[in-house]
Amino acid sequence: MQSISFEKMNACADMILTDAIEDMADEDNISIEEARNKLLSSNACKCLYNFDSCMWMEGSDYFLDYYRRFEQNRSVD
């Protein structure tokens, strides 16, 4: 099996994050900047760029759902 380069994994994570920012801004009726700040400061984003988690392979819908579930659980604690 051929290994995937760090650059390709990073590019995939960047695309997922970009799409998720746009989706969040649209769905939550907030600015792109606010959505970007929320996602960049989240543990979900740390997980996205932890390539051992393989979240970079999942897509923006999965990532945004993961973010929302994590934040919901955090607000319950």
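Shown above is the structure to which this text applies.
Regarding the packing of aromatic side chains
One pair of aromatic rings is described through two measures. These are the centre distance and the angle between the planes.
Logical step 1: Applying the stated criterion across every chain, the model contains 2 aromatic pairs.
Logical step 2: Grouping aromatic residues by their ring pairs yields a cluster made of F6, Y49 and F51.

Notes on the nonpolar core
The nonpolar side chains of soluble globular proteins are, as a tendency, buried together.
Logical step 1: Counting 21 residues, the largest nonpolar core has L17, M24, L39, L48 and F63 as its most contacted members.
Logical step 2: Within the residue set of this core, elements represented by two or more residues are α1 (6–28), α2 (32–40), α3 (43–48) and α4 (60–76).
Logical step 3: Among the elements that line this core, the one with the most residues is α1, at 8 residues.

Focus: α1
Logical step 1: Given a rise of 1.5 Å per residue, 23 residues ought to cover 33 Å, and the 32 Å separating the end C-alpha atoms of α1 matches this to within 8%.
Logical step 2: Those residues of α1 lying buried are M9, A13, I16, L17, A20, I21, M24 and A25.
Logical step 3: Of the residues trailing α1, N29 is marked for its positive phi of about 55 degrees.

Side note on the pattern of salt bridges
Logical step 1: A complete count under the given rule lists 4 salt bridges for this structure.
Logical step 2: Note that E34 and K38 form a salt bridge whose closest N and O atoms lie 3.9 Å from each other. Here E34 pairs with K38, and both are found in helix α2, just 4 residues apart, close to one helical turn.
Logical step 3: For E34, a relative accessible area of 36% gives the class partly exposed.
Logical step 4: Look at the salt bridges and you will find they share partners, linking E27, D28 and R68 into a network.

Definitions and cut-offs
- Residues numbered from 1 in each chain as written.
- Predicted model: local features only at pLDDT ≥ 70, side-chain atom pairs only at ≥ 80, totals over all residues.
- Heavy atoms only, no water.
- Phe/Tyr/Trp six-rings, centres within 6.5 Å; stacked < 30°, edge-to-face > 60°.
- Core = buried A, V, L, I, M, F, W, Y, C linked by side-chain atoms within 4.5 Å.
- Buried < 20%, exposed > 50% of the residue type's maximum accessible area, 1.4 Å probe, protein only.
- Helix = DSSP H or I, 4+ residues; strand = E, 2+ residues; numbered from the N terminus.
- Expected span 1.5 Å × (residues − 1).
- Salt bridge = Lys/Arg side-chain N within 4 Å of Asp/Glu carboxyl O.

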